[in-house]
Amino acid sequence: MPKSCSISQAQHNLTRLLQQLEHHSRIELTHRGKPVAMLLSLAEVNRLSAKAQNFWAAYSAFAAAVDLPRLKIDPQVFEAVRDQAGGGEINR
């Protein structure tokens, strides 16, 4: 759950809130107790706007970074799970 702050508190404490974004990825702004907006850290904006990897690229990066034998995960476990060529058309 993100840290929360009223808009009136934010108006008076903007500098402090911006400093808190170094430790919290997001701060929710409320009006009369209801969420209305969100302050995001630059790291969170970059994370959210980064291009998503396809499954195989993400798995390959995971397999390269983690000691799979120690976790008893067979490196071949996902090879035949999904076609690496990509998805098909979606009809709406």
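Residues numbered from 1 in each chain as written. Predicted model: local features only at pLDDT ≥ 70, side-chain atom pairs only at ≥ 80, totals over all residues. Heavy atoms only, no water.

## Let's talk about the pattern of salt bridges
Enumeration over the complete set of coordinates arrives at 2 salt bridges. Across the pair R26 and E44 runs a salt bridge, and its minimum N-O distance is 2.3 Å. With R26 in strand β2 (residues 26–31) and E44 in helix α3 (residues 42–49), the pair connects residues that are 18 residues apart, well separated along the chain. Salt-bridge contacts for E44 lead to R47; the nearest nitrogen and oxygen are separated by 2.9 Å. Here the residue E44 and the residue R47 both occupy positions in helix α3, the gap between them amounting to 3 residues, near one helical turn. Ionic contacts of the salt-bridge type, sharing partners, join the residues R26, E44 and R47 into one network. (Salt bridge = Lys/Arg side-chain N within 4 Å of Asp/Glu carboxyl O. Helix = DSSP H or I, 4+ residues; strand = E, 2+ residues; numbered from the N terminus.)

## Some points on the packing of aromatic side chains
The relation between two aromatic rings is expressed through the spacing of the ring centres and the mutual angle of the planes. Applying the stated criterion across every chain yields a total of 3 aromatic pairs. For the pair F55 and Y59, a centre-to-centre distance of 6.3 Å together with 10 degrees between the ring planes defines the contact as stacked. One end of the pair, F55, and the other, Y59, are both in helix α4 (residues 55–65), 4 residues apart, so they sit about a helical turn from each other. With relative accessibility at 38%, the residue F55 sits in the partly exposed group. Consider the rings of Y59 and F62, whose centres lie 6.3 Å apart with planes at 40 degrees: the pair is tilted. Of the two residues, Y59 and F62 both sit in helix α4, 3 residues apart, roughly one turn of that helix. Among the residues examined, F62 registers a relative accessible area of 35% and is labelled partly exposed. Among the aromatic residues, ring-to-ring pairing joins F55, W56, Y59 and F62 into one connected group. (Phe/Tyr/Trp six-rings, centres within 6.5 Å; stacked < 30°, edge-to-face > 60°. Buried < 20%, exposed > 50% of the residue type's maximum accessible area, 1.4 Å probe, protein only.)

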